[in-house]
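These are the residues of each chain, in order.
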Protein chains: 2
Amino acid sequence: MATIDIGLAKTEKYASRESGDTVELVERPGGGFSVVMIDGQGSGRAAKTLSLLLSSKAVGLIKEGVRDGVVARATHDHLFAFRHGQVSATLDLVSIDLKTRTIVVTRNADSPMLLLDGTEPRVIPVDSGPIGRYQWTKPAVSQFPLKAGLRVVLFTDGIPQSGRRAGSAPIDFVAMGAEVIAPCDSSQAVADAVLAHALERDQGRPGDDMAIVVVSIREAGSAMPIRRLQAQFPLP
Amino acid sequence: MATIDIGLAKTEKYASRESGDTVELVERPGGGFSVVMIDGQGSGRAAKTLSLLLSSKAVGLIKEGVRDGVVARATHDHLFAFRHGQVSATLDLVSIDLKTRTIVVTRNADSPMLLLDGTEPRVIPVDSGPIGRYQWTKPAVSQFPLKAGLRVVLFTDGIPQSGRRAGSAPIDFVAMGAEVIAPCDSSQAVADAVLAHALERDQGRPGDDMAIVVVSIREAGSAMPIRRLQAQFPLP
């Protein structure tokens, strides 16, 4: 039996009280799970409100059984209709679909995605922009069979932008995959390691909100079908 | 700085392929988080569909900013309107409300709740029944200040019903609080220990779906405001 292992780490821009990155994990009515990650334009309260509003829309649709491509289009249409193309956000939707036995990644984003499956880490560039700007925006969709060893790493642009203020070279994602991610065991360890790497590049003062979502398919020997969920949130 | 620590463990009735217990964790638009736990009547696919439908309703309302007491009433009204009083479900809603700095527990349930805060474990009996049966059903609400050391443990009726087939005495919740729960550190450790206790009483073959949600306020020394989320789901 294999196990789906999901990990998330998230922090906010330095001296900002709220993160404009919102991540939600919900159960799909047809079986399986979806992770929604929204990065609202800007930072602070306005960005947070925007990302909560869009995550509310996306989560509501997913929970109603709406297919992922339509969730992304509808969330875009909603933003575009009410903000007239003046406000943007990125949207990442990762679904573990038990019917097709695939991981489906639906993206309107501007950060690359990393894929690890035992061989050289692959950097999958994003070929869809954010939602909210142009009328007929649609997402880029990729699909991967659920097999043990597969690992998908997604993050908001606080990660690739890290180190920019300090004038560092852009992150080498292939090197990060091999040096920072590959040695990690759990999905949470990967998320923590990528966050620590970006924080170091920002000298401990994140230049933007940061969120990392990791989905891994791991071999597991559990006899009982037990599902587990943990969360830790520092109280402000 | 204190940390909110949330843990969940969940399994299904023996030889059943799906659990009628659905648990979701979502971020509240006003700040903070809510956990929704629904136990749909019966077991198997019909119970799972029911609990996913009701969790969809409840999660959608929470994400829209609707207050908890109204979420419970609206979820009940929806079920009652479409199933004419013939189908019931339990609903537990635990919110970490950062505005009032309290934990708010809103229940339409039939299992007691455990409260631990350093002294003798307290068993808080439920004084509200399930949703779906009678026209004006409303929830019971309790509120606790967010302070380090507080721990709330909620579960579906698979836990108190465990051991019944084997003719065991009912669970002594005060003893379970002191012996099974008190030695645990993290919320996940508590959820796992309570599940293991109930599984043992059912000789490893759960007589009903089981879910345990644990919310703890822990002292923490983290300097960075990092949020984390982990989930593990065995693939069927």
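About the criteria used
Every chain is numbered independently, its residues counted from 1 as its sequence is written. Following the order in which they are written, the chains are lettered starting with A and the ligands numbered starting with 1. Per-residue local features of the predicted model are confined to residues with pLDDT of at least 70, and side-chain atom pairs are confined, for both listing and counting, to 80 or more; whole-chain, interface and lining totals are unaffected and use all residues. Computation of side-chain values: all heavy atoms of the structure, hydrogens and water removed. Helix and strand assignments come from DSSP, with helices taken as H or I runs of at least 4 residues and strands as E runs of at least 2, each series counted from the N terminus. Our radius of gyration is a C-alpha quantity, and the globule rule it is checked against amounts to 2.2 Å times the number of residues to the power 0.38. Between buried and exposed lies partly exposed: a residue is buried under 20% and exposed over 50% of the maximum accessible area for its type, with that area taken using a 1.4 Å probe on protein chains only. Should any heavy atoms of two residues lie within 4.5 Å, those residues are considered in contact. Accessible areas in this description were obtained via Shrake-Rupley with a 1.4 Å probe; residue shielding takes into account the shown protein chains only. Only four residue types enter the tally: Lys and Arg on the positive side, Asp and Glu on the negative side; His and the chain ends are excluded. To locate a charge, the coordinates of NZ of Lys, CZ of Arg, CG of Asp or CD of Glu are taken. In superposing the copies, a least-squares fit is computed on C-alpha atoms, taking residues whose pLDDT is at least 70 in both. Buried Ala, Val, Leu, Ile, Met, Phe, Trp, Tyr and Cys residues form a nonpolar core when they are joined through side-chain atoms within 4.5 Å. Two strands qualify as a pair provided that DSSP identifies no fewer than 2 bridges between them. Angles here are taken between N-to-C directions and fall from 0 to 180 degrees, while the axes themselves are lines fitted to C-alpha atoms, restricted in helices to the stretch in contact. Note: buried area is the sum, over both parts, of the accessible area (probe 1.4 Å) each one loses when the two are combined. Between Lys or Arg on one side and Asp or Glu on the other, a salt bridge is scored when a side-chain nitrogen of the former is within 4 Å of a carboxyl oxygen of the latter. Counted as a polar contact is a pair of N or O atoms within 3.5 Å, where, for protein atoms, one must be capable of donating a hydrogen and the other of accepting one, and residues adjacent in sequence contribute only when both atoms are in side chains. Amino acids are sorted into nonpolar (Ala, Val, Leu, Ile, Met, Phe, Trp, Tyr, Cys and Pro), charged (Asp, Glu, Lys and Arg) and polar (every other residue, Gly among them). In summary, the pairing rule links any two rings of Phe, Tyr or Trp, Trp by its six-membered ring, whose centres are within 6.5 Å, and it sorts them by plane angle into stacked for under 30 degrees, edge-to-face for over 60 and tilted for everything else. One confidence number per residue, pLDDT, is output by the predictor and ranges from 0 to 100. A helix is expected to span 1.5 Å multiplied by its residue count minus one.

**Overview of the overall build of chain A**
Phase 1: From N to C terminus, chain A includes four helices and eleven strands.
Phase 2: Taking 2.2 N^0.38 as the reference for a compact globule, 236 residues should give roughly 18 Å; the C-alpha atoms of chain A span a radius of gyration of 17 Å, in line with that estimate.
Phase 3: In chain A, buried positions account for 57% of the 236 residues.
Phase 4: Pairs at least 24 residues apart make up 71% of the contacts formed inside chain A by residues separated by at least 6 positions.
Phase 5: For chain A, the exposed surface amounts to about 9700 Å²; the carbon and sulfur share of it is 52%.
Phase 6: Placing the 26 positive and 26 negative side-chain charges of chain A at their respective mean positions leaves the two points 5 Å apart.

**Describing the relation of the copies chain A and chain B**
Phase 1: You can overlay chain A on chain B at an RMSD of 0.0 Å; the transform is a turn of 180° with a shift of 0.0 Å along its axis. Both copies are brought into coincidence by an operation consistent with a two-fold rotation axis.
Phase 2: A share of 100% of the interface residues of chain A reappears at the interface of chain B, consistent with the copies meeting face to face through the same patch.

**Observations regarding the nonpolar core**
Considering soluble globular proteins, one finds that nonpolar side chains tend to be buried as a cluster.
Phase 1: Core analysis: the largest hydrophobic core is formed by 57 residues, its most contacted members being A:Ile103 and B:Ile103.
Phase 2: In this structure A:Ile103 touches A:Val94, A:Ser95, A:Ile96, A:Ser142, A:Gln143, A:Phe144, A:Leu146, A:Leu150, A:Val152, A:Val215 and A:Ile217, once residues within four positions along its chain are discounted.
Phase 3: In this structure, A:Val26, A:Ala72, A:Leu91 and A:Leu93 belong to the second largest nonpolar core, which totals 34 residues.

**As for the sheet that holds strand β7 (residues 122-124) of chain B**
Phase 1: The antiparallel open sheet is built from twelve strands, whose spatial order is β7(A)-β6(A)-β9(A)-β10(A)-β1(A)-β11(B)-β11(A)-β1(B)-β10(B)-β9(B)-β6(B)-β7(B). A strand with exactly one partner marks an edge of an open sheet, and here the two such strands are β7 (122-124) of chain A together with β7 of chain B. On average, adjacent strands in this sheet sit at an angle of 15° to one another, irrespective of strand direction.
Phase 2: Looking at chain direction, strand β6 (residues 113-116) of chain A and β7(A) are connected through three bridges and run antiparallel. From the neighbouring strand, A:Leu115 faces β7(A), where its bridge partner is A:Arg122.
Phase 3: Sitting on the sheet, helix α4 (residues 187-201) of chain B is in contact with β11 (227-234) of chain A together with β1 (2-11), β9 (151-155) and β10 (210-219) of chain B, with an inclination near 25° to β1(B).

**With respect to the interface of chain A and chain B**
Phase 1: Of the residues lining the interface, 50 residues belong to chain A; the matching set on chain B comes to 50 residues.
Phase 2: Counting each side, the surface lost to burial between chain A and chain B is near 5200 Å², with a carbon and sulfur contribution of 58%.
Phase 3: Broken down residue by residue, the surface that chain A buries against chain B is led by A:Leu229, A:Phe233 and A:Leu235, which jointly contribute 17%.
Phase 4: Between chain A and chain B we count six salt bridges in total.
Phase 5: One salt bridge in this structure joins B:Lys63 and A:Glu24, with 2.6 Å as the shortest N-O distance.
Phase 6: Across the contact surface, chain A and chain B share 33 residue pairs in polar contact (both at pLDDT 80 or more).
Phase 7: Among the elements of the structure, β1 (2-11), β2 (21-27), α1 (44-63), α4 (187-201) and β11 of chain A are those that each provide at least two residues to the side of chain A that touches chain B.
Phase 8: Ranked by the residues each element gives to the side of chain A that touches chain B, the list is headed by β1(A), at ten residues.
Phase 9: Of the residues contributing to the side of chain A that touches chain B, the split by class is 27 nonpolar, ten polar and 13 charged.

**Overview of the packing of aromatic side chains**
Residue and element names in this part refer to chain A.
Phase 1: The final tally for this structure, using the stated rule, is four aromatic pairs over all chains.
Phase 2: Seen in terms of ring centroids, Phe 155 and Phe 173 are 5.4 Å apart; in terms of plane orientation they differ by 15°. Their pairing is stacked. Taken together, the residues span a long stretch of sequence, with Phe 155 in strand β9 (residues 151-155) and Phe 173 in helix α3 (residues 173-181) at a distance of 18 residues. Taken individually, Phe 155 and Phe 173 each receive the classification buried, so the pair is uniform in this respect.

**Comments concerning the pairing of β2(A)**
All names here are of chain A.
Phase 1: Judged by how many residues are buried, β2 sits mostly within the fold: seven of seven residues are covered.
Phase 2: Here β2 shows a buried face lined by Asp 21, Val 23, Leu 25 and Glu 27 and a second buried face lined by Thr 22, Glu 24 and Val 26.
Phase 3: Sheet analysis places β2 next to strand β3 (residues 32-40), joined by seven bridges and oriented antiparallel. Bridge pairing links Val 23 to Met 37 in β3.
Phase 4: With antiparallel pairing between neighbouring strands as the criterion, β2 and β3 make up a hairpin whose turn holds four residues, including Gly 31 at a positive phi of roughly 110°.

**Details of the confidence of the model for chain A**
Phase 1: Averaged over every residue, the pLDDT of chain A is 94; residues scoring 70 or more account for 99%.
Phase 2: The ipTM, which scores confidence in the relative placement of chains, is 0.94 for this predicted complex, and the corresponding pTM is 0.96.

**A short note on α4(B)**
Phase 1: Here α4(B) is 15 residues long and its end C-alpha atoms lie 21 Å apart, about the 21 Å a rise of 1.5 Å per residue gives.
Phase 2: Taken together, the buried positions of α4(B) are B:Ser187, B:Gln188, B:Val190, B:Ala191, B:Ala193, B:Val194, B:Leu195, B:Ala198, B:Leu199 and B:Arg201.
Phase 3: Where α4(B) is buried, its residues meet β11 of chain A together with β1, β9, α3 (173-181) and β10 of chain B.
Phase 4: Just downstream of α4(B) lies B:Gln203, where phi reads positive at about 50°.

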